[in-house]
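# A structural walkthrough
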Amino acid sequence: MSVKRAESLPKRRATREQRLGHLNPDERAVLLLLGRQVRALRLQRHAEALAVGQPKVTIDALAAKAGINASVLGEIERGRVNLSLMVLTRLARALNVGLPVLFQADEGQG
C-alpha cells in the first residue's frame, strides 16, 4: 500500500542548481562566464539607451526581445542555466552582438 501511495505522489522538480550537478567545475565556469557577459552587455546597452533618452534595457525588456522568460534570463545572468544554442542565438541577436562575443570575458572578469 505504501508503494502505491508513493508512486501516486507528484515528483518534486529539481532546482536549477540540482540540474547542473552533473557539470564539472570547468563547465560550470563557462556558464558563469557566459552569464556575466550577458549581464555586462545588457548593462552596457542599458547605459547606451539612457544616454540617448531611450527606454531602459531591463531584464524584462531584454528577455522580451529575445523571446525568453525574464526569470530564466535572470538565472542565465547568474550562471544557473545550461543554455541551448537557440537561446544563445536569440540573446546575441537581442543584444546586437555576434555569438562569439557572449563567450568573451571582460578584462576585469577572469
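Residues numbered from 1 in each chain as written. Predicted model: local features only at pLDDT ≥ 70, side-chain atom pairs only at ≥ 80, totals over all residues. Heavy atoms only, no water.

### Regarding the nonpolar core
Most often, soluble globular proteins have nonpolar side chains that are buried together. If you look at the biggest cluster of nonpolar residues, it comprises 21 residues, and the most contacted ones within it are Leu62, Ile68, Leu73, Ile76, Leu83, Leu91 and Leu102. Here the element with the most residues in this core is helix α6 (residues 85-95); it accounts for six residues. Contact partners of isoleucine 76, with chain neighbours within four places excluded, come to Gly35, Ile68, Val81, Leu83, Val87 and Leu91. (Core = buried A, V, L, I, M, F, W, Y, C linked by side-chain atoms within 4.5 Å. Buried < 20%, exposed > 50% of the residue type's maximum accessible area, 1.4 Å probe, protein only. Helix = DSSP H or I, 4+ residues; strand = E, 2+ residues; numbered from the N terminus. Contact = heavy atoms within 4.5 Å.)

### Focus on helix α4 (residues 59-66)
The set of residues buried in α4 consists of Leu62, Ala63 and Ala66. Here the buried residues of α4 occupy an arc of 100° about the axis, which is enough to place them on one side. Of the residues in α4, the exposed ones pointing more than 90 degrees away from the buried face are Asp60, Ala64 and Lys65. Buried-residue contacts for α4 involve α3 (25-51), α5 (70-77) and α6. Looking one or two residues beyond α4, the residue adopting positive phi is glycine 67, at roughly 75°. (Arc of directions from axis to C-beta.)

### Regarding unusual backbone geometry
Not every positive phi belongs to a glycine, and asparagine 96 is a case in point at roughly 60°. Residue position: asparagine 96 is located in the segment after α6. Accessibility expressed as a relative area gives 59% for asparagine 96, which makes it exposed.

### Quick notes on α3
Between its first and last C-alpha atoms α3 spans 39 Å; for 27 residues at 1.5 Å apiece the expected length is 39 Å, and the two agree. Of the positions making up α3, those classed as buried are Leu31, Leu33, Leu34, Gly35, Gln37, Val38, Leu41, Arg42, Arg45, His46 and Ala49. Looking at the buried side of α3, the elements it contacts are α4, α5 and α6. Two to three positions downstream of the cap, the backbone nitrogen of aspartate 26 sits 2.9 Å from a side-chain oxygen, assigning the N-cap of α3 to asparagine 24. Among the residues trailing α3, glycine 53 stands out with phi positive, at a value near 75°. (Expected span 1.5 Å × (residues − 1). Polar contact = N/O pair within 3.5 Å; in protein donor to acceptor, adjacent residues only side chain to side chain.)

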